[in-house]
Every structure is written in structure tokens, then in C-alpha cells.
Amino acid sequence: MVRQAKLNTPEKRARVGERIKIAATQAGVSLKELADLAKTSPSMIYQYVRGVTSIPPELLERIAAVTNVHIQFFDPDRDARAMLALPADQVAYEESSTPLASGGSGDSGARVRIRSEMDHLHALADSYFRPKRNRTSYQAALEQLLALTRAAQHPAQQATVLMRMSQVRMDSGEVMEAQALLDTARDLIQTEMQSPTGVAVTLDIVGVLTHLGETDTATTLVEELTQNPDPAVRARAALAGSRIMLRSSSYTAALRTLLASAEAIGDMKSDWRDPLLLTGLLSGVADLLWSIGRIDGAIRIWQRALGEAQNAQRADLFVDLAVQRSRALLLVGRLEEASRQIELALMVA
């Protein structure tokens, strides 16, 4: 049990409140639903989450039970990442206990332990990423994940984590750092570049190169991907190619690549289509219309793209599209509609 004495400072109460939110996110329940399950009121849960009030230990135990996390996860003096990785019914280990990777007959158990921690850290990172990203905590969770994937000697997992870290760098405007992380990811899976992870790494590299204006190298990588037999890969490659063409103001070529993406999407079985592909295609068409001065058309297409992003439950993509659409609305003098669009983006962000 987490002792009441440990929760007697605002900082520690806030730390416990943050962990309650993480536990609810991992369990797939809202705070209101959590209140019902834990037999308390929503208003009290919100106070505990904000750190206004110290939560009774017996209520923490009920929250741990309904969210299936270890009770020590709520101990503000323990490492959240380590405690989240423990099964709910396992006795908590001390930081000075046996390390994860040990020799001899314990290797199999260590691998299982690492795998369990990786799964829970992925969940922790996702809880920080969506719907409202806590950048510092998200980065910390990714760094812990990277250490574990290295300990497990799993190159594909390392590459995936490095991709996520590169996206954080790109969002912060640290483009060269993002490129270095992606280059490392590509080196790790050099022999698996046709795998889903390899394709994702290549497309992220194309995005960075396009941002840097290195369009020739980016185009070469896209052309390699367009030879892939998987229509989903060809569709993504064509969308990446359209962004290169738009950057170069080659509007006719951009239209051709968008048509190629639409054709590849059409080649896919309807129940296999990634909804984000259609969102990307609509966004690409809107970007092209914007670039050639067809603002009203771009506004209409961005509205459709927003609907697809909402259906895909991608808040981050929804916000990006909403900002683009509001900018276009401002340009044509539709100020009230632009204001509503911005308000909606701020609510989702």
C-alpha cells in the first residue's frame, strides 16, 4: 500500500494524479468511468488528478485493481516506468534487486521481463502522446524504451523507437538531429528495408530530406519504394513524391503522383485500406489546390480530410489540418468560420 504520509506535499499529490491519468488511459477508460468503477465521484477524481486533495490509500487500491496496474505504480517516490512494467499481482522489486539481464538459466526470464516492460512502456509513451502530448515525459519514456530494445538486441524495435524520437526532434525544429536518428535506424535494419519498419524509416527520411530541400536524394528513395508490390507502400510513396513536387513547384508532376497514389489505394481491398491513406491523399490534393491559388477548393478538400482524420481518431493530424484550413479561411475573409476552426483545433490539441 502507498502510505498516506508519502502524499502530503503538493508535488507528490500532483505526481500521483498524473499516474492516475496514465493508468486510466492504459485501461481505456475515461476519468468519469474510472470514478464509477472505483466507487467514488467524478468531482473527487478530478481533485485527486489535479493534486488538490490527498487520495485515501484504500481508493488508490481500488483504482489499481480496476486499471490492472501494480499499487506501487502510484507511489510518488518510485520510478513510474519501472512500476508500470510490473504485473498487477507481482510483488514490487527494489531498485537494488537483480538486474534485468543476467546470465545462466535466468536469461529466459530476463527476456520475458524486458518484453513485459517494453509493452508497458509503449503504453506509457502512447498515453503521453495522445490526445495531448506531454513532450518531456514522452521523450523520457522513449529513451527508456530505447535502452530496453538495445538490451533485448531487437534492431527493428530500436528502429521504431528511433523513428518516434526523430518525430519529436522534427516537431522541435531540430531537423539535423532528427535525420541523425533516422540514419541510425536505417543502419540497424539495412537488410530489412522492405519490411514495414524499413518502409516507415525510409518515408520518414524522405520527409526530412524534403524539408531540407534535398529533393534529388528524396526522389531517388521514393522511386525505390514505388517498385514495391504492396499497393499501400506505393500509395504512401506517391504521397511523399507529391510533397517533393510541391516543394519544387512542379504542380503537374505533383498531380500525377497524387493520381498514382489514388490508383494504388484503389488497388487495395477495401477492408485492408488504412484510413490515413485517404486522409493523406485528400490533404495532398488540398495542398496542391492551395499552391495554385484555388483556395475555395482547398478549403472544401481540407474539410473532408478533417472528417477522415476524426474517423481515424488521430487528434494530432486533425489539429494540423484544422490549422491549415483556418489559414485558408482567413485568407478569403471568412473570419468567423476561421475562428471556429481555430477554437476546435485548440480544444483537440
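For the structure, check the block above.
Residues numbered from 1 in each chain as written. Predicted model: local features only at pLDDT ≥ 70, side-chain atom pairs only at ≥ 80, totals over all residues. Heavy atoms only, no water.

## A word on the pattern of salt bridges
Side-chain pairs of opposite charge can arise whenever the charged atoms involved come near each other. Operational definition: A side-chain nitrogen of Lys or Arg and a carboxyl oxygen of Asp or Glu constitute a salt bridge if their distance falls within 4 Å. Only protein chains enter the calculation, and the probe is 1.4 Å; a residue is then buried if its accessible area is under 20% of its type maximum, exposed if over 50%, and partly exposed in between.
Going through the model one piece at a time under the given rule, you end up with four salt bridges. For Arg169, the salt bridge is made with Glu174, and the minimal N-O distance between the two is 2.8 Å. For Glu174, a relative accessible area of 26% corresponds to the partly exposed category. For Glu337, the salt bridge goes to Arg334, with nearest N and O atoms at 2.9 Å.

## Focus: the nonpolar core
The condition is simple: For the purposes of this section, nonpolar cores are sets of buried Ala, Val, Leu, Ile, Met, Phe, Trp, Tyr and Cys residues that join through side-chain atoms within 4.5 Å. Numbered from the N terminus, helices here are DSSP runs of H or I no shorter than four residues, and strands are runs of E no shorter than two. Any two residues whose heavy atoms approach within 4.5 Å are treated as being in contact.
Of all hydrophobic cores here, the largest spans 47 residues; its most connected members are Leu142, Met165, Val201, Val206 and Leu277. Looking at this core, the elements that each hand over two or more residues are helix H7 (135–151), helix H8 (155–171), helix H9 (175–188), helix H10 (196–212), helix H11 (215–225), helix H12 (231–247), helix H13 (251–267) and helix H14 (275–291). Per-element tally for this core: the top contributor is H12, with nine residues. If we ignore the near neighbours within four places in the chain, the residues touching Met165 are Gln139, Leu142, Glu143, Leu146 and Leu181. In terms of nonpolar packing, the next biggest core, distinct from the first, is built from 21 residues, Ile20, Ala35, Ile45 and Phe73 among them.

## Focus: the packing of aromatic side chains
In plain terms, the rule: Pairing of aromatic side chains here covers Phe, Tyr and the six-membered ring of Trp, requires ring centres within 6.5 Å, and sorts the geometry by plane angle: under 30 degrees stacked, over 60 edge-to-face, intermediate tilted. Ring-over charges, as used throughout, are those where CZ of Arg or NZ of Lys falls within 6 Å of the ring centre and within 35 degrees of the ring normal.
Within this structure, the stated rule accounts for two aromatic pairs. Where Trp290 meets Trp302, the ring centres are 6.0 Å apart and the plane angle is 55 degrees; that geometry is what we call tilted. Highlighted residues: Trp290 in helix H14 and Trp302 in helix H15 (residues 295–311), separated in sequence by twelve residues. One Lys or Arg, Arg19, reaches over the ring of Phe73 and ends 5.9 Å from the middle of that ring.

## Quick look at unusual backbone geometry
Of note, the phi angle at Asn68 is positive, near 60 degrees, even though the residue is not glycine. For Asn68, a relative accessible area of 55% translates into the label exposed. Even without being a glycine, Ser249 presents a positive backbone phi close to 60 degrees. Position of Ser249 relative to the elements: it lies in the loop between H12 and H13.

## Let's talk about the environment of Ala235
Take Ala235: it is sitting in helix H12. For Ala235, a relative accessible area of 0% corresponds to the buried category. With 26 residues separating them in the primary sequence, Ala235 and Ser261 have C-alpha atoms 4.2 Å apart. Each residue touching Ala235, except ones within four places of it in the same chain, is listed here: Ser261, Ala264, Ile265 and Leu277.

## Some points on the packing of H14 against H15
Convention followed: Helix axes use the C-alpha atoms of the stretch in contact, all axes being lines fitted to C-alpha atoms, and the angles between their N-to-C directions lie in the range 0 to 180 degrees. Roughly parallel means an angle under 35 degrees; roughly antiparallel means over 145; roughly perpendicular covers 65 to 115; every other angle is labelled oblique. Note on convention: the crossing is left-handed when the near helix lies turned anticlockwise from the far helix by less than a right angle, right-handed when the turn is clockwise.
Interhelical geometry of H14 versus H15 gives an angle of 165 degrees and a closest axis separation of 8 Å. With respect to each other, H14 and H15 are oriented roughly antiparallel. When you trace H14 past H15, the crossing you get is left-handed. Of the residues in H15, those touching H14 at Leu278, Thr279, Leu282, Ser283, Val285, Ala286, Asp287, Leu289 and Trp290 are Ile295, Gly297, Ala298, Ile301, Trp302, Arg304, Ala305, Glu308 and Ala309.

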